[in-house]
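# Structure at a glance
Take a look at the letters that make up each chain.
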Amino acid sequence: MTSYLLRRVPSAILVLLFASMAIFAVIRLVPGDPATILAGQDASPEALASIRADLGLDQPVLTQYLTWLAGMIRLDPGKSYMIGGDIGGLVRAGLLNTVVLTATALLFAVVLAGLAAIGSVLANRRWLDSVLAGANTLAVALPTFVTGVLFVVVFAVILPILPAGGTPPDGFFSRPGIAFQYLVLPALCLALPSAAALARFLTASLQTELGKPYVTTAQALGIRRRRIVLTQALPNALPATVTVLGLQVGALLGGAVLVEAIFAWPGLGLLIERAISDRDYPLVQALLLLSVLVFVVTQLLTDIVNAVLDPRIRLGGAS
Amino acid sequence: MSTGIDASSSAAGRPTGGLAADPPRRWPAFLRAPGGAAGATMILIVVLLGVFAPLLAPYGPAEQIPNANLLPPSSAHWLGTDEVNRDIFSRLLFGIRVDLMVVFIAVPFGALIGTVIGLVSTMYAFADVIAQRVFDVILAFPVLILAIGVTAAAGPGVTTIIAVIVLAEIPVFGRLARTSLLTVRAMPYVESSQVIGAGNTWLLRKHLLPNSLEPLVVQFGVSMSIAVFIEGAMSFLGLGVRPPQPSLGSLTRDGIRNVWESPAFVVGPLIIVTLLVLGFLLVSQAISATRRV
């Protein structure tokens, strides 16, 4: 296990390092001087110089990069240009909303996918499989902004039964029933593509497992199909599904930006959208690095979980 | 590739000539699957609407019509009018053109670059190491986060959308072409050809390229579908086309902004986006299904 970690962790760190360079370099390419953006077109040269010194823009590029990276590692990403205030504070303010939204979506995705896959395998009915396959194709194909807008139009405008957006006024934990009403549409909309991907994969791996000799043996011993599926096939199908789940975190991160925009959900997605339109580059940089960090770390954790579950991976070749 | 399989199988199935010439035989196999035919029809409808937009649209895409503010759908304005008195149906038709351009330019371009990099990287170990690390870094960005990063640097616009799609597709096709070529190269029939003295160029042309490019055709359809999503998502977030230019994403955004005054506004863009993404996905599913049979 240690040798597996020694292979996998440094390569993840390397990817993060290169990604941080890419983010820094790309934002440096932006035409226009940040000091001029900040102080306005007709600021005096002295004012511009003092802003440059304040932001460290008079330093060599490499020093600027290292200072920025050191700040990010110390969890002190510095100040935002336009929105104002400390970036750390802005991120913390939006973090809870985004985490609650994506965690609920992940839960919905797992539950929906599990129900669809186990239901299809247990029922073993052709019509149910066709219905599920159709629903699956729709859920994969329809972009998040289409389902989101459709949800708002149907459930908030035409049949006004759920709020069209925003977060619950009393927070998530004091009145869970109200909080759920606010959460259900955005979380479902965010969950659908991931649920479809997971369901497709889990169904396929369950069917592969059910074709294996140990299942035939279990059937010959007279064990019920339901019990075979739940206690034998499902545990064996899970490790590979974990990988797909890890990849879905990337889709959820990107999807959260769209869902937050549609449902006016004040999380990190809305923050990055505002940072872009306000040209608040330090904030954009920090949020980009944060999402890459979350994505790379999730994939690393997925690989480690897989290695724990499956000795063939951790003992495998050096690739 | 799929047409090649089709031609050979039908030629083997029944002798050609005489009265046996029924038209469906010439159709590619994937079009005969119900999903494939439906998908192709959806794409065709949208493409025709977009191509003939200047002939079909009753108004210009940015033309403001006096006394027509947020009108509901009527015979004069099939999908109603928007908040600055423009005909939504006309804007929708012209908006399709942006998506068609983005999809049919960016995806083939990204696919071509990615495939070439993937194929070259199977030949030189050094190129392989560099390409794989670069792909790792690009793939560390979820696609919409990548779009945000590129837009932060380059500013919104159609070129930015194209750049994002090309950048996102390069590692996808690069990895796919690489694994696919390596898999085919390990096949027994390739070894047999080498044993009986086939040259490298002949092998590449006759066995390796045709067989390793097949999975890329399936990915191509999926990528087209994703490209429509990327355009829509970027323009929806205000990172895509600049106003007043319409696109499917920007029209959806305008629609949801006016949803309380005019709920019908958003219907048109939603239908067209759905036809397009679903069409590409169904065609690619049909191709991959017929390939395995």
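Criteria and thresholds
- Residues numbered from 1 in each chain as written.
- Chains lettered and ligands numbered in written order.
- Predicted model: local features only at pLDDT ≥ 70, side-chain atom pairs only at ≥ 80, totals over all residues.
- Heavy atoms only, no water.
- Helix = DSSP H or I, 4+ residues; strand = E, 2+ residues; numbered from the N terminus.
- Contact = heavy atoms within 4.5 Å.
- Areas by Shrake-Rupley, 256 points an atom, 1.4 Å probe, with all protein chains shown as cover.
- Lys, Arg positive; Asp, Glu negative; His and termini not counted.
- Charge placed at Lys NZ, Arg CZ, Asp CG, Glu CD.
- pLDDT = per-residue confidence, 0-100.
- Polar contact = N/O pair within 3.5 Å; in protein donor to acceptor, adjacent residues only side chain to side chain.
- Nonpolar A, V, L, I, M, F, W, Y, C, P; charged D, E, K, R; others polar.
- Patch = residues over 30% accessible without salt bridge, like charges linked within 9 Å, V, L, I, M, F, W, Y side chains within 5 Å.
- Salt bridge = Lys/Arg side-chain N within 4 Å of Asp/Glu carboxyl O.
- Core = buried A, V, L, I, M, F, W, Y, C linked by side-chain atoms within 4.5 Å.
- Buried < 20%, exposed > 50% of the residue type's maximum accessible area, 1.4 Å probe, protein only.
- Axes fitted to C-alpha atoms, helices over the stretch in contact; angles between N-to-C directions.
- Parallel < 35°, antiparallel > 145°, perpendicular 65-115°, else oblique.
- Left-handed = near helix turned anticlockwise from the far one by under 90°.
- Phe/Tyr/Trp six-rings, centres within 6.5 Å; stacked < 30°, edge-to-face > 60°.

### Examining the overall build of chain A
Of the regular secondary structure elements, chain A holds 13 helices and zero strands. Listing every helix and strand of chain A by position from the N terminus yields α-α-α-α-α-α-α-α-α-α-α-α-α. For the C-alpha atoms alone, the extent of chain A along its principal axes is close to 85 × 60 × 35 Å. The long-range share in chain A, meaning contacts at least 24 apart out of those at least 6 apart in sequence, stands at 74%. For chain A, the computed accessible surface area is about 16000 Å², with 67% contributed by carbon and sulfur atoms. Taken as two groups, the 20 positive and 16 negative side-chain charges of chain A have centres that lie 20 Å from each other.

### A look at the confidence of the model for chain B
Detailed reading of the predicted coordinates is not advisable wherever pLDDT falls low. All names here are of chain B. On average, residues of chain B carry a pLDDT of 87, and 90% of them reach 70 or more. With pLDDT under 50 throughout, residues 1–23 is counted as low confidence; its partners more than four residues away or in other chains account for 18 contacts. Interface predicted TM-score (ipTM) for the complex: 0.88; the corresponding pTM is 0.88.

### Structural notes on the interface of chain B and chain A
Taken together, the contacts link 33 residues of chain B with 42 residues of chain A. At the boundary of chain B with chain A, the tally comes to zero residue pairs in polar contact (both at pLDDT 80 or more). A total of eight residues in the side of chain B that touches chain A trace back to one element, the largest contributor, which is helix H13 (residues 267–292) of chain B. In terms of residue class, the side of chain B that touches chain A is made up of 26 nonpolar, five polar and two charged.

### Quick notes on a nonpolar patch on the surface
All names here are of chain B. Residues Leu44, Leu48, Val51, Phe52, Leu55 and Leu56 make up a contiguous nonpolar surface patch of roughly 590 Å² in combined accessible area. At three residues, helix H3 (residues 34–51) tops the list of elements feeding residues into the nonpolar patch. By the element assignment, Leu44 lies in helix H3.

### Some words on the nonpolar core
Within soluble globular proteins, side chains that are nonpolar tend to cluster in buried spots. Counting residues in each nonpolar core, the largest one holds 136 residues, and the members touching the most others are Ile23, Phe145, Leu258, Phe263 and Val292 of chain A together with Phe141 and Ile165 of chain B. Take this core: its biggest share by element is twelve residues, from helix H5 (residues 88–121) of chain B. Sequence-distant contacts of Val292 of chain A, that is, excluding residues within four places in its chain, are made with Leu16, Ala19 and Ile23 of chain A together with Ala140 and Phe141 of chain B. Counting 13 residues, the second-largest nonpolar core is a separate cluster that includes Ile118, Leu210, Ile228 and Ala237 of chain A.

### Structural notes on the packing of helix H5 (residues 87–123) of chain A against helix H12 (residues 281–309) of chain A
The description of two helices packed together rests on the angle between their axes and the distance between the axes. All names here are of chain A. Two elements in contact, H5 and H12, have axes separated by 11 Å at closest approach and are oriented at 50 degrees. Classified by the angle between their axes, H5 and H12 sit oblique to one another. The two elements H5 and H12 meet at a crossing, and its hand is right-handed. In this structure, H5 uses Ile87, Leu90 and Val91 to contact H12, whose residues at the interface are Pro282, Leu283, Ala286, Leu287 and Leu290.

### Quick word on the packing of aromatic side chains
Residues and elements named next belong to chain A. According to the stated counting rule, one finds ten aromatic pairs over all chains in the structure shown. A centroid spacing of 5.5 Å and a plane angle of 35 degrees characterise the contact between Phe24 and Trp68, whose relative ring orientation is tilted. With Phe24 in helix H1 (residues 2–28) and Trp68 in helix H4 (residues 61–73), the pair connects residues that are 44 residues apart, well separated along the chain. We classify Phe24 as buried; its relative accessible area is 8%. For the pair Phe151 and Phe155, a centre-to-centre distance of 6.0 Å together with 65 degrees between the ring planes defines the contact as edge-to-face. Taken as a pair, Phe151 and Phe155 lie in helix H7 (residues 144–158) at a separation of four residues, close to a single helical turn.

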